[in-house]
Amino acid sequence: MLEALQGGDFFSRSRSLFKPKIPPLLKDLSQLESINSDPTDCVGYEEDIRNLFPKTFGQPKVYFARGASRPIKPLKVGVVLSGGQAPGGHNVIAGLFDALRELSFKSELMGFLGGASGVINHLTMKITEECLIPYRNTGGFDLLGSGRAKIETEKQLECSLKVCNSHGLDGLVIIGGDDSNTNAAVLAEFFLNHNCKTKVVGVPKTIDGDLKNEWIETSFGFDTACKIYSEMIGNICRDALSAKKYTHFIKLMGRSASHVALECALQTHPNLTLLGEEVAYHRKSLKEVVQEISEVIIDRAEVGKNYGVIVIPEGLIEFLPEGSITGEMLSDLSIEQDPHGNLPVSQIPTETFLINLVKKNLKARGFQGQFSPVAHFLGYEGRCGYPSYFDATYSYLLGRSAALLIHQGLTGYMSVASHLTQSVENWEVSGLPITSLLTMEERKGKIKPVIKKALVDLKGKPFQFFASHRQQWEIEDHYRYPGPIQFEGAKEVVEEITYTLRLEHSKNKALATPLN
Ligand code: FBP
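Quick caveat, the model's predicted, so the values are computed rather than measured.

### What about the site of the ligand?
Surveying the vicinity of the ligand reveals 15 residues, the closest of which are Gly-84, Arg-148, Asp-208, Glu-314 and Tyr-380. Between the ligand and Lys-205, the relevant distance is 3.0 Å, taken from an oxygen atom to a side-chain nitrogen or oxygen of the residue. Between an oxygen atom of the ligand and a side-chain N or O atom of Thr-206, the distance comes to 2.9 Å. Considered class by class, the residues forming the shell around the ligand number three nonpolar, six polar and six charged. Both of domain 1 (2-221 + 387-451) and domain 2 (223-383 + 457-499) provide at least three residues apiece to the shell around the ligand.

What follows is the structure, given as structure tokens:
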């Protein structure tokens, strides 16, 4: 077994050997049984969702409790990594693999290659202990690869059914974001309609942090990605403060919602952070956004500061009023929506576009000071980092509970965990019916069932905290330098969670207050 680690360096070997903590209840899986709570509803368009999902609509949320030990038959399960990479994906697979083996050492796990298209086109690999070793606690999705295909057409659904039947799969685990989990719900319903025994279970993944609600506290990957970006932003802040000559425009990944930008702002205190949701709320035009940035530059120049750091969420352009960007911005970019109807905002150079407009605006205002902008895009470098303690543990647990849901014969469920601001011993896992998260929305010109993306709540604690401090951060250089993710050392540093999670869920006042 150790041979599989020989190629890696000391750090990656030590990461592979890290054993995520498991809450006491989940240590012995053989004696766990699911307990039903109340039946669920959906987020909107109840009649439509009920009609589209007659077999899975209204299922109860389930918890696990210790019950009597009973014989367990080996399970055969398939797993898919879907959509954008997020740190922790390999650990979901490790958690799933370990749990299946603990339930029965004859259980088998197979991976579908390249995302959902691997299910449609029958591209598989057998996952063994040996092949998993170098991937435990690592970032990336490279064990299986990922993709953005959607199992949508009748033909694709039929192919998936055929593939799962041909392997006699007891379960299919789809590790993905809102769109992939919607796809899991569609597949679960389709399989039930065709008397297929494969149970479909989703796992909440995305660095964007927009797959959350009252039951899902956060998606895995958000914690690590924000920490990586914050380390880099902190370094840029310190460079700005040292050289005192550049204004850094940093575009941050995170698609539509601005959770990543908000979290990084709480961690690093840039001079200005734009949030798409706020721009939309105040119906700000592009011109007003450009003016806002210019004013911060002018105000800082007046106190002798010809430098600064400005954070821009990549989704900003989706929130600007229609007409604000077309022509000027998208003219020479051939931008197409992905199969789920999302605009590839990571491909749009919003940061350089804003720099050019700010330059023009400053000139028009007769600005005499120095303005030397530097453009950055922090995106792909945050999606495959080694998962933080939080993400490594959380994703492992989600994989473990996905195995339990399949073992209990549940389909159309998402594996979720709660009490995440507390120590791991107190974390609880449960199964959430995916239909309870659905509503109808227009995608690519058609009304479709979707999981509603969670946008930044302007009444929520993370935004409120940011709003009450940002003025101070604008002129004073109140930067924070979080530094790199720590994997060993003081517990409070290693196990630190995002401010967003703390502010939204912690009942402990001290924890719920971001540091200076
Ligand atoms: P998911 O929603 O699939 O998790 O992906 C999120 C994301 O990382 C966005 O933040 C980003 O805009 C997008 O993926 C980039 O997509 P791609 O990897 O196709 O360039």
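Moving on, there is more to tell.
### Overview of the sheet that holds strand E4 (residues 108-112)
What the nine strands build is an open sheet, ordered E1-E2-E13-E12-E7-E6-E3-E4-E5; its pairing is mixed. With partners counted over all chains shown, the strands left at the sheet margins are strand E1 (32-39) and strand E5 (124-127), one partner each. With direction set aside, neighbouring strand axes in the sheet form an average angle of 30°. With six bridges connecting them, E1 and strand E2 (residues 60-66) associate as antiparallel partners. When the sheet's bridge partners are listed, Ser-34 is paired in E2 with Phe-64. Contacting strand E3 (76-81), E4, E5, strand E6 (171-176) and strand E7 (199-204), helix H4 (residues 89-103) crosses the sheet at an angle of about 175° to E3.

### A short note on the packing of aromatic side chains
For the structure on display, the rule yields eleven aromatic pairs. Ring centres of Phe-390 and Tyr-394 lie 5.3 Å apart, and the angle between their planes is 35°; this geometry places the pair in the tilted category. Of this pair, Phe-390 and Tyr-394 both sit in helix H15 (residues 389-407), separated by four residues, roughly a single helical turn. Assigned by exposure class, Phe-390 and Tyr-394 land together as buried. Measuring from centroid to centroid gives 6.2 Å for Tyr-394 and Trp-427, while their planes differ by 90°, and the two rings are edge-to-face.

### Concerning the sheet that holds strand E11 (residues 373-378)
The four strands are arranged E9-E10-E8-E11 in an open sheet whose pairing can be described as parallel. Two strands bound the open sheet, and with one partner strand each, they are strand E9 (272-273) and E11. Sitting on the sheet, helix H14 (residues 350-364) is in contact with strand E8 (247-252), strand E10 (308-313) and E11, with an inclination near 160° to E11.

### What about the packing of helix H10 (residues 259-268) against helix H16 (residues 461-475)?
When two helices pack together, their arrangement is given by the angle between their axes and by how far apart the axes lie. In contact at an axis separation of 10 Å, H10 and H16 are set at 50° when each is read in the N-to-C sense. Judged on the interaxial angle alone, H16 and H10 are oblique. Between H10 and H16 lies a crossing of left-handed hand. On H16, the residues touching Leu-262, Ala-265 and Leu-266 of H10 are Pro-462, Phe-463, Phe-465, Phe-466 and Trp-473. In terms of residue class, the contact of H10 with H16 is made up of eight nonpolar, no polar and no charged.

### Quick notes on the nonpolar core
Judged by nonpolar contacts, the single largest core of 85 residues is most densely connected at Ile-93 and Leu-252. Per-element accounting of this core gives the leading share, twelve residues, to H15. Per-domain counts for this core show at least three residues from each of domain 1 (2-221 + 387-451) and domain 2 (223-383 + 457-499). Residues in contact with Ile-93, not counting those within four places in the same chain, are Val-79, Leu-81, Leu-109, Ile-127, Leu-132, Leu-143, Leu-144 and Ile-175.

### Some points on helix H7 (residues 154-167)
Look at H7: 20 Å from first C-alpha to last across 14 residues, which is about the 20 Å you get at 1.5 Å a residue. Within the sequence span of H7, burial applies to Leu-157, Ser-160, Leu-161, Val-163, Cys-164 and His-167. All buried residues of H7 lie within an arc of 165° about the axis, which places them on one face of the element. Residues of H7 that are exposed and point over 90 degrees away from its buried face: Lys-155, Lys-162 and Ser-166. Among the structural elements, E3, E4, helix H5 (116-120), E5, E6 and helix H8 (178-193) are those in contact with the buried residues of H7. Taken from the residues just after H7, Gly-168 is the one with a positive phi, measuring 60°.

### Quick notes on the environment of Lys-444
Here Lys-444 shows up in the loop between strand E14 (438-443) and strand E15 (446-451). Given the relative accessible area of 46%, Lys-444 is considered partly exposed. Along the sequence, Lys-444 and Asn-342 sit 102 residues apart, while their C-alpha atoms lie 8.6 Å from each other.

Here is what the cut-offs are and how they apply
- Residues numbered from 1 in each chain as written.
- Predicted model: local features only at pLDDT ≥ 70, side-chain atom pairs only at ≥ 80, totals over all residues.
- Heavy atoms only, no water.
- Near = heavy atom within 4 Å.
- Polar contact = N/O pair within 3.5 Å; in protein donor to acceptor, adjacent residues only side chain to side chain.
- Nonpolar A, V, L, I, M, F, W, Y, C, P; charged D, E, K, R; others polar.
- Domains from an automatic or database assignment.
- Pairing = 2+ DSSP bridges.
- Helix = DSSP H or I, 4+ residues; strand = E, 2+ residues; numbered from the N terminus.
- Axes fitted to C-alpha atoms, helices over the stretch in contact; angles between N-to-C directions.
- Contact = heavy atoms within 4.5 Å.
- Phe/Tyr/Trp six-rings, centres within 6.5 Å; stacked < 30°, edge-to-face > 60°.
- Buried < 20%, exposed > 50% of the residue type's maximum accessible area, 1.4 Å probe, protein only.
- Parallel < 35°, antiparallel > 145°, perpendicular 65-115°, else oblique.
- Left-handed = near helix turned anticlockwise from the far one by under 90°.
- Core = buried A, V, L, I, M, F, W, Y, C linked by side-chain atoms within 4.5 Å.
- Expected span 1.5 Å × (residues − 1).
- Arc of directions from axis to C-beta.

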